[in-house]
Amino acid sequence: VQLQAFGGGLVQAGDSLRLSCASSGRTFSSYVMGWFRQAPGKDREFVAAITGSGADTRYAGSVKGRFTISRDNAKNTVYLQMNSLKPEDTAVYYCAAQYRSVVLASINDYDSWGQGTLVTVSS
């Protein structure tokens, strides 16, 4: 499956931003989808994930309550709504997909990755 993430940009602290990730796969609803991020000089880290049906989600503690992951299987797209953004949210955000039915939160669990979209939050 091929993934393309977009929607990043430069925002101020406290602002909101919505990322999108479009998939080319025909069986999109069979894939668990995840968002990860990588800040400059740091390792890539888990942000959020959602099962194919959307019934189960998981969030990193640093974004819980501020970010919401969702998906539209009819559009083969997963979203990451980011509210109350902080400068420490600045990173390249990647979407990932894996043909599984359970929520996955590890980088090593995903085989397919998008190219990343840069989010910069100024203070």
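Note that the structure is predicted; figures quoted are calculated from it, not measured.

A. Examining the environment of Val32 more closely. Here Val32 is to be found in strand S4 (residues 32–38). Note on Val32: relative accessible area 0%, which makes it buried. Sequence separation between Val32 and Ala96 is 64 residues, and the spatial gap between their C-alpha atoms is 8.4 Å. In this structure Val32 touches Ile50, Thr51, Gly52, Arg71, Ala96, Ala97, Gln98, Arg100, Val102, Val103, Leu104 and Tyr110, once residues within four positions along its chain are discounted.

B. Geometry of unusual backbone geometry. The residue Asn76 is not glycine, and still its phi comes out positive at about 55°. Secondary-structure assignment places Asn76 in the loop between strand S7 (67–72) and strand S8 (77–82). The class for Asn76 is buried, based on a relative accessible area of 18%. Residues other than glycine seldom take positive phi values, yet Ser84 does so here, at roughly 50°. Along the chain, Ser84 turns up in the loop between S8 and strand S9 (91–98).

C. Layout of the sheet that holds strand S3 (residues 17–23). Within the open sheet, the four strands sit side by side as S1-S3-S8-S7. Their pairing is antiparallel. Where the open sheet ends on each side, the last strands, each with one partner, are strand S1 (3–6) and S7. Adjacent strand axes in the sheet meet at a mean angle of 15° when their direction is disregarded. In the sheet, S3 pairs with S8 via six bridges, with the strands oriented antiparallel. Considered in S8, the bridge of Cys21 is made with Val78.

D. Quick peek at the pairing of S7. Going residue by residue along S7, you find Phe67, Ile69 and Arg71 tucked away on one face and Thr68, Ser70 and Asp72 left uncovered on the opposite face. In this sheet, S8 lies alongside S7 in antiparallel orientation, the contact comprising six bridges. Counterpart to Thr68 in the pairing with S8 is Gln81. Hairpin geometry of S7 and S8 is characterised by an intervening segment of four residues between the two adjacent antiparallel strands and by a positive phi of about 55° at Asn76.

E. Representation of the state of the cysteines within the structure. Within this structure, the stated rule accounts for one disulfide. Through a disulfide, Cys21 is tied to Cys95; the S-S separation comes to 2.1 Å. Between Cys21 and Cys95 the sulfur-sulfur dihedral comes to about 60°; the bridge is accordingly right-handed. Highlighted residues: Cys21 in strand S3 and Cys95 in strand S9, separated in sequence by 74 residues. Of the two residues, Cys21 and Cys95, both sit in the buried class.

Each value, and the rule that gives it
- Residues numbered from 1 in each chain as written.
- Predicted model: local features only at pLDDT ≥ 70, side-chain atom pairs only at ≥ 80, totals over all residues.
- Heavy atoms only, no water.
- Helix = DSSP H or I, 4+ residues; strand = E, 2+ residues; numbered from the N terminus.
- Buried < 20%, exposed > 50% of the residue type's maximum accessible area, 1.4 Å probe, protein only.
- Contact = heavy atoms within 4.5 Å.
- Pairing = 2+ DSSP bridges.
- Axes fitted to C-alpha atoms, helices over the stretch in contact; angles between N-to-C directions.
- Disulfide = S-S within 2.5 Å.

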